[in-house]
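An overview of the molecular structure
If you want the building blocks of each chain, they are given just below.
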Amino acid sequence: MLQLISLISAWAIPVMVTFIPLYAFTRKVAVYESFVEGAKDGFGTAIAIIPHLVGMLVAISVFRASGALDFLMGFVSPLMEGLGIPSEVLPLGLLRPLTGTGSLAYTTDLIRVHGPDSLIGMIASTIQGSTDTTLYVLTVYFGAVGIRNGRYALKVGLFSDVVGFIAAIAVCLLVFG
């Protein structure tokens, strides 16, 4: 089974990179011109999200610099330790919905300190892949396209982050713990 997954992983991107232009060619789509037109639209979108991105980065910096993250961790850590969950991964559960770069930096630090094959390293890596930067996505992308009422998206996004966080821990404890 592992060999099959490795084979699929090795060939997935080359097959897609070959298939998409060939499919477009059979449909008589001007592939390069479509790409250039999409790149032009993407540049405008990138310019439009800059103010939202700056606002989100400032909010994250204030959250961390104010000590709010440390205060929250001190409150939740004893409960998690009682459940057998390493407290080192808790900040990742809070950072991940806020910032992809910050959570990746924290994951990298956990792996550097504890090792990639440690339970903490595996849980952190699994959390990183099982959750999303929900607040970042809502702030930047919804703001860029003018969506003002994203309350259901916020609820569903944060709920899925909690489920991803819990599932990542449960699976890692079950498989590696």
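Here's what I pulled together on the structure shown here. (Residues numbered from 1 in each chain as written. Predicted model: local features only at pLDDT ≥ 70, side-chain atom pairs only at ≥ 80, totals over all residues. Heavy atoms only, no water.)

**Some thoughts on the overall build of the protein chain**
Filter applied, for reference: What counts as a helix is a DSSP run of H or I of at least four residues, what counts as a strand is a run of E of at least two, and both are numbered from the N terminus. Each residue is assigned to one of three classes by its accessible area relative to the maximum for its type, calculated with a 1.4 Å probe on protein chains only: buried under 20%, partly exposed between the two thresholds, exposed over 50%.
From N to C terminus, the protein chain includes eight helices and zero strands. N-terminal to C-terminal, the α/β element order of the protein chain is α-α-α-α-α-α-α-α. Considering only C-alpha atoms, the protein chain reaches an extent of 60 × 45 × 30 Å along its principal axes. Across the 177 residues that make up the protein chain, the buried fraction comes to 25%.

**Observations concerning the packing of helix 6 (residues 119-130) against helix 8 (residues 151-176)**
What counts, and what does not: Fitting a line to C-alpha atoms yields each axis, with helices limited to the stretch in contact; the angle taken between N-to-C directions then spans 0 to 180 degrees. Left-handed describes a crossing whose near helix is turned anticlockwise from the far helix through less than a right angle; right-handed describes the clockwise counterpart. Note on contacts: a residue pair qualifies if any of its non-hydrogen atoms lie within 4.5 Å across the two residues. Residue classes follow a fixed rule: Ala, Val, Leu, Ile, Met, Phe, Trp, Tyr, Cys and Pro count as nonpolar, while Asp, Glu, Lys and Arg count as charged, and any other residue, Gly among them, counts as polar.
With their axes 9 Å apart at the nearest point, helix 6 and helix 8 run at an angle of 145 degrees to one another. Where helix 6 crosses over helix 8, the handedness of that crossing is right-handed. Listed contacts from helix 8 to Leu119, Met122, Ile123, Thr126, Ile127 and Ser130 of helix 6 are Gly164, Phe165, Ala168, Ile169, Cys172, Leu173 and Phe176. Across the contact of helix 6 with helix 8, the residue classes tally to ten nonpolar, three polar and no charged.

**Re helix 3 (residues 68-82)**
Put simply, the rule is: Expected span of a helix, by definition, is 1.5 Å for each gap between consecutive residues, and there is one gap fewer than residues. Bend angle per residue: angle between axes fitted to the 7 residues ending at that residue and the 7 residues starting there.
Spanning 15 residues, helix 3 covers 22 Å between terminal C-alpha atoms, matching the ideal 21 Å at 1.5 Å per step. Along helix 3, the sharpest kink reaches roughly 40 degrees, centred on Val76 and followed within four residues by the proline Pro78. By the burial criterion, the buried members of helix 3 are Leu69, Met73, Ser77 and Met80. Its buried side turned inward, helix 3 meets helix 2 (31-65), helix 4 (90-95) and helix 8. Positive backbone phi, approximately 85 degrees, marks Gly84, located one or two places after helix 3.

**Things to note about the packing of aromatic side chains**
Operational definition: Side-chain rings of Phe, Tyr and Trp (the six-membered ring for Trp) are treated as a pair once their centres are within 6.5 Å; stacked means planes under 30 degrees apart, edge-to-face means over 60, and tilted covers the remaining angles.
In the structure shown here, the tally under the stated rule is one aromatic pair. Ring centres of Phe19 and Tyr23 lie 5.7 Å apart, and the angle between their planes is 25 degrees; this geometry places the pair in the stacked category. Linking Phe19 with Tyr23, this pair stays in helix 1 (residues 2-26), spanning four residues, or about one helical turn.

**Points about unusual backbone geometry**
Even without a glycine there, the phi angle at Lys28 is positive, about 60 degrees. Counting through the fold element by element, Lys28 comes out in the loop between helix 1 and helix 2.

**Structural notes on the pattern of salt bridges**
Let me state the cut-off plainly: Here a salt bridge means any side-chain nitrogen of Lys or Arg lying within 4 Å of a carboxyl oxygen belonging to Asp or Glu.
Here the structure, examined in full by the defined rule, presents one salt bridge. Arg112 is the salt-bridge partner of Asp109, the closest N and O atoms lying 2.3 Å from each other. Here Asp109 pairs with Arg112, and both are found in helix 5 (residues 100-114), just three residues apart, close to one helical turn. With a relative accessible area of 62%, Arg112 lands in the exposed category.

**Topic: the environment of Thr107**
Relative to the helices and strands, Thr107 resides in helix 5. For the pair Thr107 and Leu158, spaced 51 residues apart in the sequence, the C-alpha separation amounts to 20 Å.

**Side note on a nonpolar patch on the surface**
Just so we agree on the cut-off: Like-charged residues within 9 Å of one another, or nonpolar side chains (Val, Leu, Ile, Met, Phe, Trp, Tyr) within 5 Å, are grouped into patches, provided each residue has over 30% relative accessible area and no salt bridge. Each accessible area value is a Shrake-Rupley result obtained with a 1.4 Å probe; residue values ignore everything except the protein chains displayed when judging cover.
Together, Leu4, Leu7, Ile8, Trp11, Val15, Met16, Phe19, Ile20 and Tyr23 make up a nonpolar patch on the protein surface, roughly 970 Å² of accessible area in all. Residue classification places Ile8 among the exposed residues on the basis of a relative accessible area of 52%.

**Re the nonpolar core**
Rules: Side-chain atoms within 4.5 Å link the members of a nonpolar core, which is a set of buried Ala, Val, Leu, Ile, Met, Phe, Trp, Tyr and Cys residues.
Among the nonpolar cores identified, the biggest contains 17 residues, and Val89, Ile123, Ile127, Phe165 and Ile169 are the most heavily contacted of them. Those elements giving two or more residues to this core turn out to be helix 3, helix 4, helix 6 and helix 8. For Ile169, the residues in contact, after removing those within four places along its chain, are Ile85, Val89, Ile123 and Ile127.

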